[in-house]
Amino acid sequence: MKSIQRNARLAGVLYLVITVFAVVAHMYIPSTLIVPGDAAATVENITQSEMLFRVGSVGSELIILLSELVLAILLYVLLKPVNKTLSLIAAVSRLIMTTIHGFNLINYFFILTLVSGAGFLSGFGAGQINSLVMLFLEAHSYGFTIGIAFLTIHVLLLGYLIIKSGYFPKILGILFLIAGLGYVIDSFSLLLLPGYTTTPIYIAIPIAISEIAFPLWLLIKGVNKEKWQEWNKQTA
Amino acid sequence: MNEIENIKNPKKMARIAGVLYLIIFIVYPLASFLGKSQIIVPGNAMATAKNILENETLFRIGIAGETIIFLVELILAGIFYELLKPVSTSLSLASAFARVAEAIIQAVNLLPSILALLLVSGGAYLTVFSPEQLNALMLLFMDSFNFMIIVWGFFFGFHLLLMGYLVAKSDLFPKFLGILLILGGVGYLLQSFGTFLLPQFETLLATIVLILATPSELAFTLYLLIKGVKGQKLSQ
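Per-chain numbering applies: the sequence of each chain, read as written, is numbered from 1 onward. Key to labels: chains lettered from A, ligands numbered from 1, both in the order written. Only residues with pLDDT of 70 or above have their local features reported here, since the model is predicted, and side-chain atom pairs are shown and tallied only from 80 upward, although totals for entire chains, interfaces and linings are computed over all residues.

Visitor: Please give an account of the overall build of chain B that cites residues and values.
Guide: For helices the rule is a DSSP run of H or I covering at least 4 residues; for strands it is a run of E covering at least 2, with both sets numbered from the N terminus onward. Counting its secondary structure elements, chain B contains 8 helices and 0 strands. Along chain B, helices (α) and strands (β) appear in the sequence α-α-α-α-α-α-α-α when read from the amino end. Counts of 20 or more other C-beta atoms within 10 Å of a residue's own C-beta define buried residues, counts of 12 or fewer define exposed ones, and intermediate counts define partly exposed ones; C-beta atoms are placed from the backbone. A total of 236 residues make up chain B; the buried ones form 46% of that total. Partitioning the intrachain contacts of chain B with sequence separation of at least 6 by distance along the chain shows that 74% fall at a separation of at least 24. Once C-beta atoms are placed from the backbone, any two residues with those atoms within 7 Å are in contact.

Pasting the structure below:
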């Protein structure tokens with residue numbers, strides 16, 4: 001019992017770590033460095049603040065990757081009593097997302113090399129370098145979305161398992177189901193609608209609420225003791 | 001101890017793991033020497049392109065070698081999950097996840113080599129680029145291959161930390177092997193974080209990982225091959 005509460009707390013902490021670094025990597029850094037539609041200004045910004053890009057974007061994403069890996073396992077442990085197969089599928093989908101996001105860092109490497117002014121790139125004009133940088137920036141955001149497609153499966157299963165569990169409040173599960181629906185709409189819109197770049201607020205808000213409410217609940221309350229023990233008696 | 005008896009033939013599984021490790025020990029240096037370091041001239045796109053064209057077979061053998069490695073890694077992830085599960089199911093699952101993530105990133109990392117090969121092989125549709133530009137793109141991709149080694153090294157380092165802890169705790173292996181593996185993990189993580197944040201120390205960091213990781217992996221391989229596991233009969 002003690003250890004399951006410890007796992008719940010750790011999951012809460014990791015969730016918040018991910019949220020904080022994700023805000024840095026996916027909101028703060030892009031908003032400071034990327035000038036939409038202006039390749040020259042964007043490249044100028046990245047060149048000027050290379051260290052910020054390295055630490056803020058790449059460094060943050062690396063921390064997120066390892067946190068995601070551990071979080072996937074902790075959530076599996078927390079929800080396994082409800083349904084072992086479904087919680088394993090949820091964990092594996094989160095792992096797949098993490099792996100895709102890990103590989104997606106290759107786009108940032110291309111950008112860092114292109115702006116580094118390495119001698120072997122001198123065959124390209126400045127305009128060509130700039131447009132390649134924009135290409136890989138866009139590719140990075142698509143790569144990110146492909147990963148999120150797997151998070152959708154994870155979040156929907158998580159929502160279902162939380163509702164069934166009884167040791168977490170049902171409302172948290174419902175929030176995740178709504179968020180999962182938001183992820184579906186968001187990723188398919190990005191893939192299908194050419195002009196779709198920013199997530200509309202009515203999708204972003206439910207996602208944000210679920211991603212903050214659940215970690216806070218894990219941190220403050222953890223799992224409901226009696227209900228948890230009931231489940232484990234059943235499965236034992 | 002009870003749960004260890006549930007594992008079918010731990011000694012046999014450990015021996016298989018030893019043989020698989022041995023395959024990596026032979027194939028990995030060969031693949032990276034013949035297929036990569038002997039062919040790629042850092043910073044010199046023209047010389048690299050010439051080398052790839054003249055040694056296309058070696059380059060392809062390198063790619064085939066990398067394929068063998070990530071397939072072997074996948075099986076190793078499964079074997080160590082089974083062997084170390086009695087210590088902690090969730091930690092050994094986390095450790096296996098990290099190794100699977102590593103293997104997947106290694107697999108997708110064949111892509112840069114293929115792109116490089118296509119760029120230098122002179123497809124008619126590429127003639128709109130100048131030879132200098134084609135070579136530059138090729139070197140950009142080959143450099144990204146090295147960068148992705150850092151990314152999978154990050155997952156692998158984390159895997160070694162977890163596995164080291166489990167091996168140290170396990171009744172199947174001597175404690176010092178676990179400690180050595182943890183040191184190896186620290187080496188990989190230092191290299192991965194360090195190369196991102198302080199790229200100027202890349203060579204030094206690569207030496208550190210060699211010093212920290214090689215003894216642990218060599219000792220572990222030998223132990224798996226010779227002893228298998230502690231105090232278990234071959235057939236139970």
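Text resumes after the structure shown.
Visitor: Could you give an account of the overall build of chain A, with specific residues and numbers?
Guide: Secondary structure assignment for chain A yields 8 helices and 0 strands. Start at the N end of chain A and walk to the C end: the helices and strands fall as α-α-α-α-α-α-α-α. Within chain A, buried positions represent 42% of all 236 residues.

Visitor: Explain the environment of phenylalanine 176 of chain A to me, using residue names and the numbers behind them.
Guide: All names here are of chain A. Take phenylalanine 176: it is sitting in helix H6 (residues 170-192). A sequence separation of 14 residues divides phenylalanine 176 from isoleucine 162, and the C-alpha atoms of the two residues are 8.9 Å apart. Every residue in contact with phenylalanine 176, bar those within four places of it in the chain, is listed here: Val155, Leu158, Gly159, Ile162 and Ser210.

Visitor: Got a sec to walk through the nonpolar core? Specific residues and values, please.
Guide: Nonpolar side chains tend toward joint burial in soluble globular proteins. By size, the foremost hydrophobic cluster in this structure holds 138 residues, and its most contacted members are Leu69, Ile73 and Leu75 of chain A together with Phe97 and Met138 of chain B. With residues up to four places along the chain from it excluded, the contact list for methionine 138 of chain B reads Ala45, Thr48, Ala49, Ala116, Leu119 and Val120 of chain B. To form a nonpolar core, buried Ala, Val, Leu, Ile, Met, Phe, Trp, Tyr and Cys residues must be joined through C-beta atoms within 7 Å.

Visitor: Please give an account of the interface of chain B and chain A that cites residues and values.
Guide: Across the contact, 28 residues belong to chain B and 27 residues belong to chain A. Every element with two or more residues in the side of chain B that touches chain A is listed here: helix H4 (89-108), helix H6 (131-169) and helix H7 (175-197) of chain B. Looking at the side of chain B that touches chain A element by element, the count peaks at 13 residues for H6 of chain B. Lys, Arg, Asp and Glu make up the charged group, whereas Ala, Val, Leu, Ile, Met, Phe, Trp, Tyr, Cys and Pro make up the nonpolar group; the residues left over, Gly among them, are polar. Across the side of chain B that touches chain A, the residue classes tally to 20 nonpolar, 6 polar and 2 charged.

Visitor: Go over the confidence of the model for chain A, please, and point to the residues and values.
Guide: A residue's pLDDT is the confidence the predictor assigns to it, expressed on a 0 to 100 scale. The predicted model of chain A averages 92 in pLDDT, with 99% of residues at 70 or higher. When mean pLDDT is compared element by element in chain A, helix H4 (residues 84-115) of chain A scores highest at 96, while helix H8 (residues 225-235) of chain A scores lowest at 82.

Visitor: An account of helix H7 (residues 201-220) of chain A is needed here, citing residue identities and associated values.
Guide: Each α-helix winds once per 3.6 residues, and so residues spaced three or four apart point in a common direction. All names here are of chain A. One fewer than the residue count of a helix, multiplied by 1.5 Å, yields its expected span. The terminal C-alpha atoms of H7, which comprises 20 residues, lie 28 Å apart, in line with the 28 Å expected from a rise of 1.5 Å per residue. Within H7, burial applies to Ile207, Ser210, Phe214, Pro215 and Leu218. Down the axis of H7, the buried side of the element spans an arc of 105°, and every buried residue falls inside it. H7 presents Ile201, Tyr202 and Ile220 as exposed residues on the side facing more than 90 degrees away from its buried surface. Summarising the contacts, the buried residues of H7 are in contact with helix H1 (2-33) and H6. Comment: arc refers to directions from the helix axis out to C-beta atoms.

Visitor: How would you explain the confidence of the model for chain B if you had to name every residue and give the values?
Guide: Close reading of the predicted structure is inappropriate where its pLDDT is low. Summarising the model, chain B shows a mean pLDDT of 91, and 95% of its residues fall at 70 or more. Of all helices and strands in chain B, the one with the weakest mean pLDDT is helix H8 (residues 202-226) of chain B (89), whereas helix H3 (residues 56-84) of chain B scores best (96).

Visitor: Can you explain the packing of helix H5 (residues 110-120) of chain B against H6 of chain B? Please cite residues and give values.
Guide: Residues and elements named next belong to chain B. Throughout, an axis means a line fitted to C-alpha atoms (over the contacting stretch in the case of helices), and angles, computed between N-to-C directions, take values from 0 to 180 degrees. Running from N to C, H5 and H6 point in directions that differ by 165°, and their axes come no closer than 8 Å. On the basis of the axis angle, H5 is roughly antiparallel to H6. The handedness of the crossing between H5 and H6 comes out as left-handed. Facing H5, whose interface residues are Pro112, Ser113, Leu115, Ala116, Leu119 and Val120, H6 presents Leu134, Leu137, Met138, Phe141, Met142, Ser144 and Phe145. Looking at the contact of H5 with H6, its residues break down into 11 nonpolar, 2 polar and no charged. By the definition adopted for this analysis, an angle is roughly parallel if under 35 degrees, roughly antiparallel if over 145, roughly perpendicular if from 65 to 115, and oblique otherwise. Left-handed describes a crossing in which the near helix is turned anticlockwise from the far one by less than a right angle; the clockwise case is right-handed.

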